[in-house]
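Listed here are the chains, written in short residue letters.
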Number of protein chains: 2
Amino acid sequence: MDDMERIDRARARAWLATAVEEARAGLAEGGVPVGAALYGPDGTLLGRGRNRRVQDGDPSAHGETAAFRDAGRQRSYRGTTMVTTLSPCWYCSGLVRQFGISRVVVGEAETFRGGHDWLAEHGVEIVLLDDPECVSLMRGFVRDNPALWNEDIGE
Amino acid sequence: MDDMERIDRARARAWLATAVEEARAGLAEGGVPVGAALYGPDGTLLGRGRNRRVQDGDPSAHGETAAFRDAGRQRSYRGTTMVTTLSPCWYCSGLVRQFGISRVVVGEAETFRGGHDWLAEHGVEIVLLDDPECVSLMRGFVRDNPALWNEDIGE
């Protein structure tokens, strides 16, 4: 790992903390514990959010789409980074590809493998952090709420 | 075209009328004129909606995601049909694939070619209607609002 890579991963970990806060808050509300945040090219936090299926009865609010929504209208997503506690599902991967979000920081892809390889094939930079807290949040949730989890990913 | 196909296309055209109503309402509000509706396996209308980027300042509300949201939580999307005035972008195609929506009725794919071929490759039934009103709605909108249209598809 060179210095640049080390710095990038340190920043990615700092940004992941925002997404983890969202995921924890979701769990405390009885929701699906996936959180996300959208950062601008200069490191400004543009938006943050969490899965709101349970809280709002809104199946369209995944962590990533909630953060995207929270950021409001943007002219361009070039240089932006979507940080998410969990590998993005096809819905959220499609969001990233359509809007040209440049990078995705993924907390973990162990409990659910979404579309991050597909995004990498289409030029999106992927930083996979294998974060133990993200794994543990999801593992506990899926164990305790299998039906809710399957509903959230359409299975 | 056999009888079954003829009946299916007639039903698809009837369902498309709901999506077109939504698109027209969006245009009248100054919004992006893309509308959609989600129909259940038995032909019940589950949800309908339109792009709300301008109306709500919400970039996450495309026609298809708005209709999906309006349908609320569903245990399964098997046998459902998403009807949309315009070929679904990657974001909306990802939605269809992730949640296992069985069929997509596409009003037109002439002014914008989204992910409907990708969906077909992944087992989603695609009914492309080449509807002249859908083409004309989008063509007029893109001519008069090129910047807004590019913003909506991340270009």
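- The name given to chain A in an unreviewed UniProt entry is tRNA-specific adenosine deaminase, with the source organism recorded as Streptomyces fructofermentans.
- In its Pathway (unreviewed entry) section, UniProt records this for chain A: "Pyrimidine metabolism."

Things to note about unusual backbone geometry
Phase 1 of the analysis: With a phi close to 45°, Asp130 of chain A is a non-glycine residue in the positive phi region.
Phase 2 of the analysis: With respect to the secondary-structure elements, Asp130 of chain A resides in the loop between β5 (125-128) and α6 (132-144).

What about the interface of chain A and chain B?
Phase 1 of the analysis: Every contact between the two is made by 33 residues of chain A and, on the other side, 33 residues of chain B.
Phase 2 of the analysis: Each partner contributes to the roughly 2,900 Å² buried at the junction of chain A and chain B, and carbon and sulfur atoms together form 55% of this total.
Phase 3 of the analysis: Remark: the boundary between chain A and chain B carries 4 salt bridges.
Phase 4 of the analysis: Glu151 of chain A serves as the salt-bridge partner of Arg73 of chain B, at 2.7 Å between the closest nitrogen and oxygen.
Phase 5 of the analysis: Along the contact surface separating chain A from chain B lie 12 residue pairs in polar contact (both at pLDDT 80 or more).
Phase 6 of the analysis: Elements represented by at least two residues in the side of chain A that touches chain B include exactly α2 (53-56), α3 (63-70), α4 (90-99) and α7 (146-152) of chain A.
Phase 7 of the analysis: No other element matches α4 of chain A, which puts 7 residues into the side of chain A that touches chain B.
Phase 8 of the analysis: Across the side of chain A that touches chain B, the residue classes tally to 14 nonpolar, 10 polar and 9 charged.

What to know about the relation of the copies chain A and chain B
Phase 1 of the analysis: Taken as rigid bodies, chain A and chain B are interconverted by a rotation of 180° and an axial shift of 0.0 Å, the fit giving an RMSD of 0.0 Å. Each copy turns onto its partner about a two-fold axis. Minimal C-alpha separation from the rotation axis in chain A is found for Gly94 of chain A, amounting to 2.5 Å.

A few points about the sheet that holds strand β2 (residues 45-50) of chain B
Residue and element names in this part refer to chain B.
Phase 1 of the analysis: Read across the open sheet, the 5 strands follow the order β2-β1-β3-β4-β5; overall the sheet is mixed. Because the sheet does not close on itself, it has two edges, and the strands there are β2 and β5 (125-128). The sheet shows a mean angle of 15° between the axes of neighbouring strands, taken without regard to direction.
Phase 2 of the analysis: Pairing of strand β1 (residues 35-39) with strand β3 (residues 81-84), which is carried by 4 bridges, proceeds in the antiparallel orientation. Counterpart to Tyr39 in the pairing with β3 is Thr81.

Comments concerning the nonpolar core
Phase 1 of the analysis: Judged by nonpolar contacts, the single largest core of 57 residues is most densely connected at Met82 and Trp149 of chain A together with Met82 and Trp149 of chain B.
Phase 2 of the analysis: If one sorts the elements of this core by residue count, helix α4 (residues 90-99) of chain B sits on top with 6 residues.

Re helix α3 (residues 63-70) of chain B
Phase 1 of the analysis: Within α3 of chain B, 6 of the 8 residues are buried, which leaves the element mostly enclosed by the surrounding structure.
Phase 2 of the analysis: Considered for burial, the residues of α3 of chain B that qualify are Gly63, Glu64, Thr65, Ala66, Ala67 and Phe68 of chain B.
Phase 3 of the analysis: Here the buried face of α3 of chain B lies against α4 of chain A together with β1, β2, β3 and α4 of chain B.

Section: the confidence of the model for chain A
The predicted coordinates should not be examined in detail at positions where pLDDT is low.
Phase 1 of the analysis: Scored by pLDDT, chain A has a mean of 96; 97% of the residues are at 70 or more.
Phase 2 of the analysis: Reported for the predicted complex are a pTM of 0.96 and an ipTM of 0.96.

Definitions and cut-offs
Residues numbered from 1 in each chain as written. Chains lettered and ligands numbered in written order. Predicted model: local features only at pLDDT ≥ 70, side-chain atom pairs only at ≥ 80, totals over all residues. Heavy atoms only, no water. UniProt positions renumbered as here; feature names shortened; annotations may be inferred. Helix = DSSP H or I, 4+ residues; strand = E, 2+ residues; numbered from the N terminus. Contact = heavy atoms within 4.5 Å. Buried area = accessible area lost by both parts, 1.4 Å probe. Salt bridge = Lys/Arg side-chain N within 4 Å of Asp/Glu carboxyl O. Polar contact = N/O pair within 3.5 Å; in protein donor to acceptor, adjacent residues only side chain to side chain. Nonpolar A, V, L, I, M, F, W, Y, C, P; charged D, E, K, R; others polar. Least-squares fit on C-alpha atoms with pLDDT ≥ 70 in both. Pairing = 2+ DSSP bridges. Axes fitted to C-alpha atoms, helices over the stretch in contact; angles between N-to-C directions. Core = buried A, V, L, I, M, F, W, Y, C linked by side-chain atoms within 4.5 Å. Buried < 20%, exposed > 50% of the residue type's maximum accessible area, 1.4 Å probe, protein only. pLDDT = per-residue confidence, 0-100.

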